[in-house]
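Summary of structural features
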Amino acid sequence: MSLPIAELVPPHIRAFEAYVPSRPDPELCRTYGVQRLHRLNNNENPLGPPPAARRVIEGFPPPGAAVYPSGDCHYLRAALAERFGKDPERFLVGNGSCEVIASVIKAFCDKGDNIVTADKTFAVYEWVAEFSGFHARLIPLKDYAFDAQGMLAAMDARTKILFVCNPNNPTGKWWRRDEMERFLAGVDGRAIVVLDEAYREYVDDEDFPDGMELMERHKNVVVFRTFSKMYALAGLRVGYVCGQKEVVDYIRRTHIVYSVNTLGQPAAAEALTDDAAHIRATREMVARAKALLLPAFDEMGLEHVSGAGNFVMVRTPASDSLMYRHLMRRGIMVRTMTGFRFPNWIRVSLVQEPVMREFLSAFRDVVDLVRGGPA
Ligand SMILES: Cc1ncc(COP(=O)(O)O)c(C=O)c1O
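Residues numbered from 1 in each chain as written. Predicted model: local features only at pLDDT ≥ 70, side-chain atom pairs only at ≥ 80, totals over all residues. Heavy atoms only, no water.

The name given to the chain in an unreviewed UniProt entry is Histidinol-phosphate aminotransferase, with the source organism recorded as Humidesulfovibrio mexicanus. In its Catalytic activity (unreviewed entry) section, the UniProt record describing the chain reads: "L-histidinol phosphate + 2-oxoglutarate = 3-(imidazol-4-yl)-2-oxopropyl phosphate + L-glutamate". UniProt annotates the chain under Subunit (unreviewed entry) with the comment "Homodimer." (UniProt positions renumbered as here; feature names shortened; annotations may be inferred.)

Right, here's the structure in full:
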């Protein structure tokens, strides 16, 4: 007699709802009857990777695919070490920074422990905690930013990790130096503080508290960075964690070796060698896109939120899923925000001007349509 499968499954897995990724573009094009889609849903950088990384990708020898990658990203860690002036042993690279989120939680959380983060932020911290059997304490945002006092108040003796998304996805808000210092003083080394700086390269402000520097004074701080956003290597899946050597040594114990592929490693390493012009061009593209979109939202009388990062949020006059479907029929894919606990908002990636103009034209049409005006 065999047991029903569900009885083999722990309650926290039974209760967990799996994330459903979007279908591939050709399938979506067929469903929505369009020839092509502008992907404004994932905060990708449409300029593509910097030139040196491009050359690595173009020159990749197919027989190289037969060989396992460096199991610990030897040369990529050396490149990161050089860039940030730190020991290579202080870097741990993953299959995107999503993978290192899981490694950090596995390394520090035990039965009965909890993590603290915001209610409206990158959801993977919460998801990994929950499907691993740990409670995620979700502190409401304050004025669209992480609430430092609220997070400190939520800490208890079983809090192992606080996740701070700085700048926050999806609101773009970020803590300034003094706010970060006050928060770290409040934590007082009692738990690991993860600063997820996935959008750090989009911030051009002296007052941004750089986690790479903070970790030298606060041993419990670890920083996540990714090559998926500014460096436009999302498809190759490379992200990393950096911290004190002792902290990273523990995280490494829980981390799958060989998870970063043979093409991603050198592409990421090379991306660091000539990124200045690329970062400048990307920031300019984002600034131009924002200058186009925000006044248009104002003119339409729509509330919007943005800060640092290559995205803006706008509150829609109809349900976000209805807006999504109407926009998809016009070849525009945005992110619905109900899943981020912002019902009836959408998030739009900031890209080149012609695409932004296409988005705006489709968006105006749809807003008119749902408001009952001219379609
Ligand atoms: C705040 C934040 N952290 C991490 C990630 C994951 O990035 P990766 O592609 O490196 O897994 C994302 C991706 O959207 C993000 O927005």
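1. Considerations on the side chain of Thr 159
Relative to the elements of secondary structure, Thr 159 occurs in strand β5 (residues 159-165). Side-chain polar atoms of Thr 159 contact the side chain of Asn 114, separated by 2.7 Å. At a separation of 2.9 Å, a polar atom in the side chain of Thr 159 contacts the main-chain amide nitrogen of Asp 156. (Helix = DSSP H or I, 4+ residues; strand = E, 2+ residues; numbered from the N terminus. Polar contact = N/O pair within 3.5 Å; in protein donor to acceptor, adjacent residues only side chain to side chain.)

2. What to know about the UniProt feature "modified residue: N6-(pyridoxal phosphate)lysine" (unreviewed entry) in the chain
Sites flagged by UniProt as "modified residue: N6-(pyridoxal phosphate)lysine" (unreviewed entry) map to Lys 229. Inspection of the secondary structure puts Lys 229 in the loop between β7 (221-226) and β8 (239-242). Within the local environment of Lys 229, its side chain forms a polar contact with the backbone oxygen of Asn 42, the two atoms lying 3.1 Å apart.

3. Describing the sheet that holds strand β4 (residues 135-139)
Within the open sheet, the seven strands sit side by side as β2-β8-β7-β6-β5-β3-β4. Their pairing is mixed. What marks the edges here is a single partner per strand, and that holds for β2 (91-94) and β4. Going from strand to strand, the sheet's axes swing by 20° on average, the running direction of each strand aside. In this structure, β5 lies alongside strand β6 (residues 192-196), joined through five bridges in parallel fashion. Paired with Cys 165 across the strands is Asp 196, a residue of β6. On the sheet, helix α4 (residues 74-84) packs against β2, β7 and β8 and is oriented at approximately 130° with respect to β2. Relative to β2, helix α10 (residues 245-253) is tilted by about 30°, and along the sheet it contacts β2, β6, β7 and β8. (Pairing = 2+ DSSP bridges. Axes fitted to C-alpha atoms, helices over the stretch in contact; angles between N-to-C directions. Contact = heavy atoms within 4.5 Å.)

4. Examining the UniProt feature "domain: Aminotransferase class I/classII large" (unreviewed entry) in the chain
Taken from the UniProt record, the annotation "domain: Aminotransferase class I/classII large" (unreviewed entry) applies to residues 40-362. Summarising residues 40-362: 38% helix, 17% strand, and an end-to-end C-alpha distance of 13 Å.

5. What about the nonpolar core?
Grouped together as the largest cluster of nonpolar side chains are 123 residues, with contacts concentrated most on Ile 161, Phe 183, Phe 227, Leu 293, Phe 297, Phe 359 and Phe 363. Those residues within four positions of Phe 227 in sequence are excluded, and the remaining contacts are Leu 76, Leu 80, Ala 232, Leu 233, Ala 234, Val 238, Tyr 240, Ala 268 and Leu 272. (Core = buried A, V, L, I, M, F, W, Y, C linked by side-chain atoms within 4.5 Å. Buried < 20%, exposed > 50% of the residue type's maximum accessible area, 1.4 Å probe, protein only.)

6. Some words on the domain arrangement of the chain
The assigned domain composition of the chain is domain 1 (5-48 + 276-371) and domain 2 (51-271). One C-alpha centre belongs to domain 1, the other to domain 2; they are set 24 Å apart. When domain 1 packs against domain 2, the two sides together hide about 2600 Å² of surface, and 63% of this comes from carbon and sulfur. Three residues, Phe 16, Arg 283 and Arg 341, lead the burial of domain 1 against domain 2; their summed loss comes to 23% of the area buried on that side. Across the contact surface, domain 1 and domain 2 share two salt bridges. Residues Glu 126 and Arg 341 are paired through a salt bridge, measuring 2.8 Å at the closest nitrogen-oxygen approach. Counting the contacts that link domain 1 with domain 2 gives 15 residue pairs in polar contact (both at pLDDT 80 or more). The set of elements that each furnish at least two residues to the side of domain 1 that touches domain 2 consists of α1 (11-14), α12 (276-299), β10 (311-315) and β12 (345-349). (Domains from an automatic or database assignment. Buried area = accessible area lost by both parts, 1.4 Å probe. Salt bridge = Lys/Arg side-chain N within 4 Å of Asp/Glu carboxyl O.)

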